[in-house]
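Structural features, examined
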Amino acid sequence: MKIAIAGGTGTVGRHAVSSAQQRGHEVVVLSRKNGVDVIDGTGLDQALVGVDVVVDVLNTTTLSTKKAVNFFSTVTRNLLAAEARASVSHHVALSIVGIDSIDTSYYAGKLAQERLILASDVPHTIARAAQFHEFAQQIASQTTVGPVTLVPRTLSRPVAAFEVGAHLIEVAESTPAGRAQDLIGPQNETLVGMVRRMYAHDGISRRALDIRFPGSYGAGLASGALHGDESVSRISATTFDDWLGSATRVR
Ligand SMILES: NC(=O)c1ccc[n+]([C@@H]2O[C@H](COP(=O)([O-])OP(=O)(O)OC[C@H]3O[C@@H](n4cnc5c(N)ncnc54)[C@H](OP(=O)(O)O)[C@@H]3O)[C@@H](O)[C@H]2O)c1
């Protein structure tokens, strides 16, 4: 199978690329570093020639509702239109477990993305996963001020990005299903607890403070909605503590 991975240089994308390659697929990476800009369409049609499945793990980092909706709507429209021109037979998109009631900020972009896909004629599967274990690293790199990291109060059920990447390739190999089974981690965590254990593991002496993020986005993060529903979800194997010392962790 020829699989295009949009965002294949990112946190989860690089794992999706290696999983697809290990399973014998031909892989095309769509990213600006590889000469494809999905926002303005540069290189997109050429990159999709002969592609069977597109896996979308594109991302932007923003808490602005307007910017998130603009980014995810634009890339999704552009990808789906290019896929229709190239007769791609399956669009697979990664979304996030438990966001339905948090239609604001970054998650408003993800929900806008899902709605466009559901309304599309391109055969598709939306695969939702819980927050990544890597989210602890991403937050620490964005919210550290001197000796302190300000951690938004978040209850989640984190999963290692390499397991999400492998799951996406299994979905890509399957028949378009509309929606895949949610993928969640083996145990519930608090984000501040993850950051503190990461610092202890890495020998970093820095305080991590649990801060309730304001507004409906903050309420959503702290609500437990991001845990997902373990009675209907696929549960991954790697705990956060196992991941901290694992070879799959990219620092
Ligand atoms: N972080 C989490 O905990 C989590 C949990 C569940 C689901 N997700 C979802 O997983 C997806 C991927 O997240 P991530 O953290 O792996 O992303 P990431 O590390 O931020 O990587 C983003 C990727 O998108 C590419 N990209 C951005 N703008 C582009 C453009 N205009 N044209 C082409 N490529 C572009 C980047 O490559 P270039 O810079 O080279 O263009 C990069 O490969 C997101 O949709 C996110 O919502 C994340």
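Let me sum up the structure you'll find in this document. Everything numeric in this text was worked out from a predicted model, so none of it was measured. The written sequence of each chain sets the order in which its residues are numbered from 1. In keeping with the predicted nature of the model, local features appear solely for residues at pLDDT of at least 70, side-chain atom pairs appear and are counted solely at 80 or more, and the whole-chain, interface and lining totals rest on all residues.

1. Quick look at the pairing of strand β4 (residues 90–96)
- Remark: C-beta atoms are placed from the backbone, and a residue is labelled buried if 20 or more other C-beta atoms sit within 10 Å of its own, exposed if 12 or fewer do, or partly exposed between those counts. Going along the chain from the N terminus, every DSSP run of H or I of four or more residues is numbered as a helix, and every run of E of two or more is numbered as a strand. The element β4 is extensively covered by neighbouring structure, given that seven of its seven residues are classed as buried.
- On β4, burial covers both faces: His-90, Val-92, Leu-94 and Ile-96 on one face and His-91, Ala-93 and Ser-95 on the other are all buried.
- One ladder, built from four bridges, connects strand β3 (residues 53–56) with β4; its direction is parallel. Across the sheet, the residue bridging to Val-53 is His-90, located in β4.
- For the crossover from β3 across helix α3 (residues 65–85) to β4, the handedness is right-handed.
- Here, strands pair whenever DSSP counts at least two bridges between them. Examined bridge by bridge, β4 and strand β5 (residues 124–129) share six bridges and lie parallel to one another. Pairing of His-91 across the sheet is with His-124, part of β5. Crossovers are marked right-handed if the path from the first strand over the helix to the second runs clockwise, as seen with the strands pointing away from the viewer.

2. Concerning the environment of Val-12
- Within the element layout of this structure, Val-12 appears in the loop between β1 (2–6) and α1 (13–22).
- Taking C-alpha positions, Val-12 is 19 Å from Ser-174, a pair spaced 162 residues apart along the chain.
- With near-sequence residues (within four places) excluded, Val-12 lies in contact with Val-57, Leu-94, Phe-132, Ala-161, Val-164 and Gly-165. For every residue pair, C-beta atoms are placed from the backbone, and the pair is scored as a contact if these atoms sit within 7 Å.

3. Some remarks on the site of the ligand
- The immediate surroundings of the ligand are formed by 24 residues, with Gly-7, Gly-10, Thr-11, Arg-32 and Asn-59 found nearest.
- As a working rule, the residues Ala, Val, Leu, Ile, Met, Phe, Trp, Tyr, Cys and Pro are called nonpolar, Asp, Glu, Lys and Arg charged, and the rest polar, with Gly in that last group. Partitioning the shell around the ligand into residue classes produces 12 nonpolar, eight polar and four charged. Near, for a residue, is defined by distance from a backbone-placed C-beta atom to a molecule or strand, with 6 Å as the limit that must not be exceeded.

4. Considerations on the packing of helix α5 (residues 135–143) against helix α7 (residues 191–202)
- For the pair α5 and α7, interaxial distance at closest approach is 9 Å and the crossing angle is 85 degrees. Taken as axis vectors, α5 and α7 run roughly perpendicular relative to one another. Between α5, through Ala-136, Gln-137, Ile-139 and Ala-140, and α7, the contact on the second element is made entirely by Leu-191, Met-194, Val-195 and Met-198. Axes here mean lines fitted to C-alpha atoms, for a helix over just the part in contact, with angles spanning 0 to 180 degrees between N-to-C directions. Our angle categories are set so that under 35 degrees counts as roughly parallel, over 145 as roughly antiparallel, 65 to 115 as roughly perpendicular, and the remainder as oblique.

5. Things to note about the packing of α1 against helix α6 (residues 161–173)
- Axis separation between α1 and α6 bottoms out at 8 Å; the angle between their running directions is 50 degrees. As the angle between them shows, α1 and α6 are arranged oblique. Considering only the axes of α1 and α6, their crossing is right-handed. Contacts between α1 and α6 involve His-15, Ala-16, Ser-19 and Ala-20 from the former and Ala-161, Phe-162, Gly-165, Ala-166, Leu-168 and Ile-169 from the latter.
- Class assignment for the residues of the contact of α1 with α6 results in seven nonpolar, three polar and no charged. Two helices cross in a left-handed way if the nearer one is turned anticlockwise from the farther one by less than a right angle. They cross in a right-handed way if the turn is clockwise.

6. With respect to the nonpolar core
- Counting 75 residues, the largest nonpolar core has Ala-4, Ile-5, Ala-6, Val-55, Leu-168 and Val-195 as its most contacted members.
- Considering each element in turn, this core owes the most residues, eight residues, to α6.
- Leave out the neighbours within four places in its chain, and Leu-168 touches Ala-16, Val-55, Val-92, Leu-94 and Ala-127. Joined through C-beta atoms within 7 Å, a set of buried Ala, Val, Leu, Ile, Met, Phe, Trp, Tyr and Cys residues constitutes a nonpolar core.

7. Looking at α5
- Regarding α5, the residues found buried are Phe-135, Ala-136, Ile-139 and Ala-140. Along α5, the residues classed as buried sweep out an arc of 135 degrees about the axis, all on the same side. Counted as exposed and oriented over 90 degrees from the buried face of α5: Ser-141 and Gln-142.
- Structurally, α5 contributes buried residues whose contacts are with β6 (144–145), β7 (148–152) and α7. To be clear, the arc concerns the directions from the helix axis to the C-beta atoms.

8. Examining the sheet that holds strand β12 (residues 207–211)
- Strand order across the open sheet formed by three strands is β6-β7-β12, with mixed pairing between neighbours. The open sheet has two edge strands with one neighbour each: β6 and β12.
- Examined bridge by bridge, β7 and β12 share five bridges and lie parallel to one another. Among the inter-strand pairings, Val-151 is bridged to a residue of β12, identified as Asp-210.
- Along the sheet, α5 contacts β6 and β7; its crossing angle with β7, the most-contacted strand, is approximately 125 degrees.

9. Quick notes on unusual backbone geometry
- The backbone phi angle of Ser-87 is positive, close to 55 degrees, even though this residue is not glycine.
- Take Ser-87: there are 11 C-beta atoms within 10 Å of it, and that puts it in the exposed class.
- Of note, the phi angle at Ser-105 is positive, near 55 degrees, even though the residue is not glycine.
- If you trace the backbone, Ser-105 turns up in helix α4 (residues 105–118).

Geometric descriptors of this kind do not, in isolation, establish any biological role.
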